[in-house]
Structures are given as C-alpha cells and as structure tokens.
Amino acid sequence: MKPPMTIAVLGATGMVGSRIVAEAAARGHRVPALSRRPVGAHPGVIPVPVDAGDPDAVHEALAHCGADAVVVTVRTDPVDEDFLLGATRTVLDAGARLGLRVLVVGGAGALRSPGAPGLLVADDPAHVPARWRPVAAAGVAQLRACRSHPHTDWVYLSPPALLEPGPRTARYRRGTDTLLTAADGRSWISAEDLAVAAVDELEAPGPDRHITVVHAGGDRERPAACRQAAVRKGPVTS
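What counts and what doesn't
Residues numbered from 1 in each chain as written. Predicted model: local features only at pLDDT ≥ 70, side-chain atom pairs only at ≥ 80, totals over all residues. Heavy atoms only, no water. Pairing = 2+ DSSP bridges. Helix = DSSP H or I, 4+ residues; strand = E, 2+ residues; numbered from the N terminus. Axes fitted to C-alpha atoms, helices over the stretch in contact; angles between N-to-C directions. Contact = heavy atoms within 4.5 Å. pLDDT = per-residue confidence, 0-100. Salt bridge = Lys/Arg side-chain N within 4 Å of Asp/Glu carboxyl O. Buried < 20%, exposed > 50% of the residue type's maximum accessible area, 1.4 Å probe, protein only. Right-handed = clockwise from strand over helix to strand, strands pointing away.

Looking at the sheet that holds strand E1 (residues 7-10)
Sheet architecture is open: eight strands sit in the order E3-E2-E1-E4-E5-E8-E12-E10, paired in mixed fashion. Edge strands, defined here as strands with exactly one partner in the open sheet, are strand E3 (45-49) and strand E10 (172-175). When the angles between neighbouring strand axes are averaged without regard to direction, this sheet yields 20°. The sheet contact formed by strand E4 (residues 69-72) and strand E5 (residues 101-105) spans four bridges and is parallel. Paired with Val72 across the strands is Val104, a residue of E5. Of the strands in this sheet, E5, strand E8 (154-158) and strand E12 (210-215) are in contact with helix H4 (residues 133-148), which crosses E8 at around 165°.

Structure below.
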C-alpha cells in the first residue's frame, strides 16, 4: 500500500484531468483540483480556483496546497500553442522552486511512428489527418519545452492515437517514445485507464522521461497495478 500523497491537478475539470482527480482520490491521495471553475465531488478533493495563464497564481496555489506532485492536463479548443507552452513552463518553474515531480499529459503526436523511427506521429498522415496537425504540432512543442527546461523531475505521458471516455479496466501496456497498438490493432485507451496509468507513474516513478500507454485487454493481461508499464489513447495528439 503506497503512502498517500498530495497530487495537484492543473486542468482538473477536463476529460483527462477530471478522471485523474477521481482516480487519485479513490486511492486515498489528497487532490488539490486546480481549474478556473473547480469542483470537488470526491472526498479528499480540494477545489482550487486558478487561471493556468497566471504564473504567480499557479505558483502560489501549488505552494499553498503542499503538493508532492503536479499533473498538467491543460487543453484549449481550438488549440492555442502559446498558452499550452506557457502553462507547461509555469508548472515546471514551480516544480523546480518547490521540489515537485511534474507529470505532463501530452499528446500522441510527440511519439515516434511505428515502423519508421525517424518519423514522428505528428508528421505521419497515416495517424494524423491534416485537421489534427496543429494539435499534434503543439504536443511536439510541449515535449521540447519540457526537455529544454532546467527542472529535471518531470515525465511526459503521451496517449495512443485514440483517447476517449470509456470503462476503467486497469489493464494497459506501457511503452516509451513509440506509438503502441492494442491486440485488436488499434492505438487506443480510455481516459479512465489513462488516469490509472498516470497515478501509477506518480506512485512508482519509472526511469523514462517520455512514456506512453495503450489498452491491454484479454484474460492473459495482468492488471496494471501488477506491472511497471503504462500507455494511452487518441485522437488526442497535442
């Protein structure tokens, strides 16, 4: 049994953020839920109103809540790359000052395309149609921002090609920087299982800076909690 942590989530009301909040709270962690319009529907969740575009407010919120780790799950529609990069750097800055582990839920576009190691998913039309290219490019830029930042305690979690609401199975397979596919040939995972992978990574950090996860169904698969692996689902490519 892992000791409880304080896991702050920035973007706590989004599709992924809300599920990470619920997953972490269900495991007994204390969860400051940072959002412009925060909600706290679970025991252990502390709503914290904050604008992700205000660096001082984000730093103050993280310092005040006593976080051990922070998850970045911010998104805009349409994509706003400048906002995404600004919010990511703000959290990395705060992480460096406060000694926090930072988990960035990014996009599949930053992964390598299977069978073509020199090609990013963002540049592969087989995985990213033209309409999704700006979103994918923003995810690539976000990973580069992490790599160029002086803070060293961070991990970038890319989903697979398809990420959408679905069942929580706690069955997933973990990879590093290359897009994964499930047994049915699809590259996908539910947002619920992505949340499982995210909290697993915070509870038991692995050695890799860039990780991905994919759904792993079937009777032969062991629950995610029994493995040190993780993966994610699309078309969330930012």
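Some words on the confidence of the model for the protein
Averaged over all residues, the pLDDT of the protein is 89; the fraction at 70 or higher stands at 90%. Low confidence marks residues 219-238, where pLDDT is under 50. Its contacts with residues over four positions away, or in another chain, come to 100 contacts.

Things to note about the pattern of salt bridges
Evaluation of the coordinates by the stated rule reveals twelve salt bridges. For Arg168, the salt bridge is made with Glu23, and the minimal N-O distance between the two is 2.8 Å. Remark: Glu23 occurs in helix H1 (residues 15-26) and Arg168 occurs in the loop between strand E9 (162-164) and E10; sequence separation between them is 145 residues. Among the residues examined, Glu23 registers a relative accessible area of 7% and is labelled buried. Between Asp184 and Arg186 there is a salt bridge whose closest N-O contact spans 3.0 Å. Residue classification places Arg186 among the partly exposed residues on the basis of a relative accessible area of 41%. Here the salt bridges share partners, and the residues they tie into one network are Glu23, Arg27, Arg168, Asp200 and Glu203.

Re the pairing of E5
Of all five residues that make up E5, five are buried, and the element is covered over most of its length. In E5, alternate side chains face the same way, and those of Arg101, Leu103 and Val105 on one face and Val102 and Val104 on the other are all buried. Between E4 and its parallel partner E5, the chain crosses via helix H3 (residues 81-98), and the hand of that crossover is right-handed. Inspection of the sheet shows E5 paired to E8 by four bridges, in the parallel sense. Residue pairing for E8: Val102 is matched across the bridge by Trp154.

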